[in-house]
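Analysis of the macromolecular model
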Amino acid sequence: NAGVMQNPRHLVRRRGQEARLRCSPMKGHSHVYWYRQLPEEGLKFMVYLQKENIIDESGMPKERFSAEFPKEGPSILRIQQVVRGDSAAYFCASSPGTDSGETQYFGPGTRLLVL
Amino acid sequence: LAKTTQPISMDSYEGQEVNITCSHNNIATNDYITWYQQFPSQGPRFIIQGYKTKVTNEVASLFIPADRKSSTLSLPRVSLSDTAVYYCLVFSGGYQKVTFGIGTKLQVIP
């Protein structure tokens, strides 16, 4: 049973370009979460999605960032017109549901470097 | 979400047992206590979860006193490969705006 998959593992962009980060949840999981981690800091929640629905995007910057989880295919975190401050590790996690005790399983992350 | 407090760093020699304690005074009735491990350049890895008393798996043990205001992650006979950051989280379900603190950086010394 494959774990959470993320690609690319490393992404380099110049300021002003777009970054697209992909996440395939574990088999059987329909809930996806995106987090951002800056160096020497903990992970910070960005957005929670279910298939075709954004449930909570309160942790996501209001501009330039968007996320989707289509009916078919991976979840995508999209950052438009990247700036140097967007450089970070972006982690995706998935869970089978939201019942008490259900935990999140994380992917290996995508490290974004903005030049 | 209940706020958690854990030591910023710990050192241990190989072969020793390591205990990392986490305080969560405001834990709610529905909250579970979950520990993650994160190696450099990797995503957090689920280690263990518990609600009360003691939970043990092949990796670690989790001790939770009756009042549930703290918990202790116990790693038996650590090796160099256990060097990582360990996060204590308290939340009640899969959907939470889970925010990891800076965790406890464990350094295992040969």
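Procedures and definitions
- Residues numbered from 1 in each chain as written.
- Chains lettered and ligands numbered in written order.
- Predicted model: local features only at pLDDT ≥ 70, side-chain atom pairs only at ≥ 80, totals over all residues.
- Heavy atoms only, no water.
- Pairing = 2+ DSSP bridges.
- Helix = DSSP H or I, 4+ residues; strand = E, 2+ residues; numbered from the N terminus.
- Axes fitted to C-alpha atoms, helices over the stretch in contact; angles between N-to-C directions.
- Contact = heavy atoms within 4.5 Å.
- Buried area = accessible area lost by both parts, 1.4 Å probe.
- Polar contact = N/O pair within 3.5 Å; in protein donor to acceptor, adjacent residues only side chain to side chain.
- Nonpolar A, V, L, I, M, F, W, Y, C, P; charged D, E, K, R; others polar.
- Salt bridge = Lys/Arg side-chain N within 4 Å of Asp/Glu carboxyl O.
- Buried < 20%, exposed > 50% of the residue type's maximum accessible area, 1.4 Å probe, protein only.
- Disulfide = S-S within 2.5 Å.

All names here are of chain B. With respect to topology, 4 strands assemble into an open sheet ordered S2-S7-S6-S5, the strand pairing being antiparallel. Strand pairing shows two members of the sheet lacking a second neighbour, strand S2 (18–23) and strand S5 (53–56), which therefore form its edges. Here the average twist between neighbouring strands, direction ignored, is 15°. Bridge analysis of S5 against strand S6 (residues 61–64) gives 4 bridges, and the strand direction is antiparallel.

Take the interface of chain A and chain B next. It is common to give the size of an interface as the accessible area that goes away when the parts come together. Across the contact, 28 residues belong to chain A and 25 residues belong to chain B. Carbon and sulfur atoms supply 52% of the area that chain A and chain B bury against each other, a total of about 1,800 Å² over both sides. Remark: the boundary between chain A and chain B carries 4 residue pairs in polar contact (both at pLDDT 80 or more). Mapped by element, the contributors of at least two residues to the side of chain A that touches chain B are strand S4 (31–37), strand S5 (43–50), strand S9 (88–95) and strand S10 (105–106) of chain A. Ranked by the residues each element gives to the side of chain A that touches chain B, the list is headed by S5(A), at 4 residues. Taken together, the residues of the side of chain A that touches chain B sort by class into 9 nonpolar, 11 polar and 8 charged.

Before going further, it helps to examine the pattern of salt bridges. Residue and element names in this part refer to chain A. Within this structure, the stated rule accounts for 4 salt bridges over all chains. Put simply, Glu-18 and Arg-20 hold a salt bridge, and the shortest N to O gap is 3.6 Å. Residue classification places Glu-18 among the partly exposed positions, given a relative accessible area of 30%. Given the relative accessible area of 33%, Arg-20 is considered partly exposed. We note a salt bridge from Arg-64 to Asp-86, for which the minimum N-O separation is 2.7 Å. A residue pair is termed long-range when its members are at least 10 positions apart, and Arg-64 in the loop between strand S6 (53–56) and strand S7 (65–68) and Asp-86 in the loop between strand S8 (75–79) and S9 qualify at 22 residues. Taking the relative accessible area as the measure of exposure, Arg-64 reaches 25% and is therefore partly exposed. One connected set of salt bridges, linked through shared partners, spans Glu-18, Arg-20 and Arg-78.

Residue and element names in this part refer to chain B. Within the open sheet, the 5 strands sit side by side as S1-S9-S8-S3-S4. Their pairing is mixed. Strand pairing shows two members of the sheet lacking a second neighbour, strand S1 (9–13) and strand S4 (45–50), which therefore form its edges. Put simply, the sheet's adjacent strands are angled 25° from each other on average, direction ignored. Sheet topology places S1 next to strand S9 (residues 104–109); 5 bridges connect them, and they run parallel. Pairing of Tyr-13 across the sheet is with Ile-109, part of S9.

A word on the state of the cysteines. Applying the stated criterion to the full structure yields 2 disulfides over all chains. Shown here is the disulfide that connects A:Cys23 with A:Cys92, its sulfur atoms set 1.7 Å apart. Residues A:Cys23 and A:Cys92 share a disulfide whose torsion about the S-S bond is about -45°; that sign makes it left-handed. On the criterion of sequence distance, the pair formed by A:Cys23 in strand S3 (residues 19–24) and A:Cys92 in strand S9 is long-range, its members being 69 residues apart. As far as the burial class goes, A:Cys23 and A:Cys92 line up, both buried. Two residues, B:Cys22 and B:Cys88, share a disulfide whose sulfurs are 2.2 Å apart. The disulfide joining B:Cys22 to B:Cys88 has a torsion of about -80° about its S-S bond and is therefore left-handed. In this pair, B:Cys22 is assigned in strand S2 and B:Cys88 in strand S8 (residues 84–91), connecting sequence segments 66 residues apart.

With that settled, the discussion passes to the side chain of A:Arg111. Examined against the element boundaries, A:Arg111 turns out to sit in strand S11 (residues 110–114). A distance of 3.0 Å separates a polar atom in the side chain of A:Arg111 from the backbone oxygen of B:Ser41. Discounting residues that sit within four places of it in the chain, A:Arg111 has contacts with A:Arg9, A:His10, A:Leu11, A:Ala88, A:Ala89, A:Phe91, B:Ser41 and B:Gln42.

Moving on, we come to unusual backbone geometry. Cis geometry marks the peptide bond from A:Asn7 to A:Pro8; its omega dihedral reads -5°. Along the chain, A:Pro8 falls in the loop between strand S1 (5–7) and strand S2 (10–13). You will see that B:Arg68, though not glycine, has its phi angle at about 60°, which is positive. Inspection of the secondary structure assignment puts B:Arg68 in the loop between S6 and strand S7 (70–75). Here B:Arg68 falls in the buried class, since its relative accessible area comes to 8%. At B:Arg77, a position not held by glycine, the phi torsion is positive, near 45°. Among the structural elements, B:Arg77 can be located in the loop between S7 and S8. Its relative accessible area of 66% is what places B:Arg77 among the exposed residues.

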